[in-house]
Amino acid sequence: MKKLIAAVAAGAMLTATGAFAANGQQVFQSKGCAACHNPNVDTVGPSLKKIAQAYKGKKDELIKFLKGQGKPHVDPAKFAIMRPQINTTKSLPADQLEALADFILSH
Ligand code: HEC
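**So, the coordination of the iron atom of the ligand**
Argument step 1. Here the iron atom of the ligand is held by His37 (NE2) and Met82 (SD), and the distances to it run 2.0 to 2.2 Å.
Argument step 2. Coordination at the iron atom of the ligand is octahedral, judged from the six donor atoms that bind it and the angles of 88 to 179 degrees they form at the metal. A residue pair is termed long-range when its members are at least 10 positions apart, and His37 in the loop between helix H2 (24–30) and helix H3 (48–54) and Met82 in helix H5 (residues 79–82) qualify at 45 residues.
Argument step 3. Taking relative accessible area as the criterion, His37 reaches 13% and is therefore assigned buried.

Listed below in structure tokens is the structure:
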């Protein structure tokens, strides 16, 4: 139920800020990625800064990873924790996936 409310609230936020351009930061937050990924500090997962460095100039590869077609580059030993999250990202529409990749790479 809590999840449902959060999803509805996130949907309302998306509509309020413009339904046309997908917002990568909102996707990142509404899909729960922020629970394990901090912008600058490694927590459960590597920081967004570290991920952005690893995928600098390789947005296509990052999108591939998020679609479940790539291999982990940043911290392969911990990939078991990240793997289930890909079930979420691989079903995102292409524009949201693109916006999400742009948001990650902006760090
Ligand atoms: C339960 C904790 C957790 C959540 C939630 C989580 N991640 Fe991760 N993520 C990790 C861990 C741990 C790694 C390190 C393993 C790895 O490099 O794949 C990682 C790695 C990554 C990487 C680097 C991949 C690489 O090449 O190594 C990306 C990109 C990423 N996460 C994106 C996301 C996105 C987008 C979301 C939200 C849909 C998300 N993560 C949610 C824990 C999490």
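**A word on the packing of aromatic side chains**
Argument step 1. Counted according to the given criterion, the structure contains two aromatic pairs.
Argument step 2. Taking 5.3 Å as the distance between ring centres and 50 degrees as the angle between the ring planes, the aromatic pair formed by Phe28 and Phe103 counts as tilted. Of this pair, Phe28 sits in helix H2 while Phe103 sits in helix H7 (residues 94–105), and the two are 75 residues apart along the sequence.
Argument step 3. Given a relative accessible area of 16%, Phe103 falls into the buried group.
Argument step 4. Consider the rings of Phe65 and Phe79, whose centres lie 5.8 Å apart with planes at 55 degrees: the pair is tilted. Here the residue Phe65 occupies a position in helix H4 (residues 59–66), and Phe79 occupies one in helix H5, the gap between them amounting to 14 residues.
Argument step 5. According to the relative accessible area criterion, Phe65 is buried, its value standing at 9%.

**Some remarks on the environment of Ile51**
Argument step 1. Note that Ile51 resides in helix H3.
Argument step 2. In this view, Ile51 contacts His37, Pro46, Val74 and Ile104; residues no more than four positions away in its chain are not counted.

**Focus on the pattern of salt bridges**
Argument step 1. In this structure the tally under the stated criterion is four salt bridges.
Argument step 2. Between Asp102 and Lys59 there is a salt bridge whose closest N-O contact spans 2.9 Å. Of this pair, Asp102 sits in helix H7 while Lys59 sits in helix H4; the two residues are 43 residues apart in sequence, bridging distant segments of the chain.
Argument step 3. On the accessibility criterion, Asp102 (38% relative accessible area) is partly exposed.

**What to know about the site of the ligand**
Argument step 1. Residues in close proximity to the ligand total 24 residues, the closest being Cys33, Cys36, His37, Tyr55 and Met82.
Argument step 2. Between the ligand and Tyr55, the relevant distance is 2.4 Å, taken from an oxygen atom to a side-chain nitrogen or oxygen of the residue.
Argument step 3. At 2.7 Å, a backbone N or O of His73 approaches an oxygen atom of the ligand.
Argument step 4. Among the detected pockets, the ligand sits in the largest pocket.
Argument step 5. Among the elements of the structure, H4 and H5 are those that each provide at least two residues to the shell around the ligand.

Quick notes on the rules
Residues numbered from 1 in each chain as written. Predicted model: local features only at pLDDT ≥ 70, side-chain atom pairs only at ≥ 80, totals over all residues. Heavy atoms only, no water. Donors = N, O, S within 2.8 Å, 3.2 Å for Na, K, Ca; no water. Tetrahedral: all angles 85-135°; square planar, octahedral: opposite > 155°, others 65-115°. Helix = DSSP H or I, 4+ residues; strand = E, 2+ residues; numbered from the N terminus. Buried < 20%, exposed > 50% of the residue type's maximum accessible area, 1.4 Å probe, protein only. Phe/Tyr/Trp six-rings, centres within 6.5 Å; stacked < 30°, edge-to-face > 60°. Contact = heavy atoms within 4.5 Å. Salt bridge = Lys/Arg side-chain N within 4 Å of Asp/Glu carboxyl O. Near = heavy atom within 4 Å. Polar contact = N/O pair within 3.5 Å; in protein donor to acceptor, adjacent residues only side chain to side chain. 1 Å grid on protein atoms, 1.4 Å probe; cavity = no way out; pocket = protein on both sides within 12 Å on 5 of 7 lines; lining within 4 Å. Sits in = over half its atoms within 2 Å of the grid points.

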